[in-house]
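Structural overview
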Amino acid sequence: MSTSPAFVIGTRGSPLALAQAHETQRRLIDAHGLPPERLPLQIIKTTGDRIQDRALSEAGGKGLFTKELDIALLEGSIDLGVHSAKDLPTALPEGIVIAGYLPREDVRDAFISLHARNLQDLPEGAVVGSASLRRQAEIRRLRPDVKVTLLRGNVETRLARLKRGEIDATLLAMAGLRRLGLTEHVTAVLDVEDFLPAVGQGAIAITIRADDEKVARAVRPILHAETGYALAAERAFLTVLDGSCRTPIAGHARLVDGELEIRGLVLRPNGSGSLDVVRRGAPEDAAALGREAGLDLRARMPDGFLDP
Ligand SMILES: NCc1[nH]cc(CCC(=O)O)c1CC(=O)O
């Protein structure tokens, strides 16, 4: 029996990235009955991992987390890349495709605070830490009096700043907290209807070489069709509206009674205005549905809407 790697799984080295890569590895092991050593993980350091002090939107956007994995994939040192779908740019490099997605985790955002029960309960003028333009704008929309400060870093760093009283609250994706076993810190889970998540939130995307039939076949049994429909709609929606990730955009699609429903939201960066859309259609038309939802918002957006 062969002992050489069947496929090398490429991942970033952050705790969340590793959890996602291990989940992918475990699903492949279960699907194919291979020993773990034939599906090794290869950790790849990315530019995004080295930037801690600035908003990523300023430093160059989403590609910061994916470029080095893309290169490793194209060079053949890895055979599949595991990504948070949320961090994956809408346009991938030539020669790389998304094979599909694992079953989606909780898509919602979590509110974490040591003294307020939820966003509405925060005292006037409270300080909320978040580095996400979407979360910043959604917070300001619901609580115009709250101050939002740039805050990055892992869960432990954020909790330490909450404890020191530097911030009153922060928001994080439930999906990440679940994957890291850290949901004990969650104060409240925000309903999708009140606080629309980011496009792709909670989903793990698998990238492969476009011409690699062998890897495409191997990952097929672990891919989740329903998540694929939702993500096709969400990513088409995002593509129509923005590539730069400098715009506060939220989008979420899900199956409702056999139909695919997409909700989309664009916000003024300061939260003083927003436009939303809801569309339903056949899951097979996911991309067209997302595109139409995005075009609808774009057509309704007044000039200067996205100016700070
Ligand atoms: N941008 C960072 C990032 N990318 C994916 C997740 C969490 C997992 C997910 O959303 O799928 C996070 C952290 C967060 O937003 O709390």
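Residues numbered from 1 in each chain as written. Predicted model: local features only at pLDDT ≥ 70, side-chain atom pairs only at ≥ 80, totals over all residues.

Comments concerning the confidence of the model for the protein
With 94% of its residues at a pLDDT of at least 70, the protein reaches an overall mean of 92. Here the prediction assigns the complex a pTM of 0.93, and the interface score ipTM is 0.98. (pLDDT = per-residue confidence, 0-100.)

Quick notes on the domain arrangement of the protein
According to the domain assignment, the protein consists of domain 1 (1-104 + 203-223), domain 2 (109-189) and domain 3 (224-308). Relative to domain 3, the C-alpha centre of domain 2 lies at a distance of 24 Å. Listed by partner, the interface residues are eight residues for domain 2 and ten residues for domain 3. Across the side of domain 2 that touches domain 3, the residue classes tally to four nonpolar, no polar and four charged. (Domains from an automatic or database assignment. Contact = placed C-beta atoms within 7 Å. Nonpolar A, V, L, I, M, F, W, Y, C, P; charged D, E, K, R; others polar.)

Brief notes about helix α5 (residues 133-142)
The buried fraction of α5 amounts to eight of the ten residues, a majority that puts the element mostly inside the structure. Every buried residue of α5 is listed here: L133, R134, R135, Q136, A137, E138, I139 and R140. (Buried ≥ 20, exposed ≤ 12 C-beta atoms within 10 Å, placed from the backbone. Helix = DSSP H or I, 4+ residues; strand = E, 2+ residues; numbered from the N terminus.)

Focus on the sheet that holds strand β11 (residues 249-256)
Pairing in this open sheet of three strands is antiparallel, and the strands run β11-β12-β13 from one edge to the other. Of all the strands in the sheet, the pair left with one neighbour each is β11 and β13 (274-281). Averaged over all neighbouring strand pairs, the angle between strand axes comes to 10 degrees, with direction disregarded. (Pairing = 2+ DSSP bridges. Axes fitted to C-alpha atoms, helices over the stretch in contact; angles between N-to-C directions.)

Concerning unusual backbone geometry
Residues other than glycine seldom take positive phi values, yet D257 does so here, at roughly 50 degrees. Owing to 6 C-beta atoms within 10 Å, D257 belongs among the exposed residues under this scheme.

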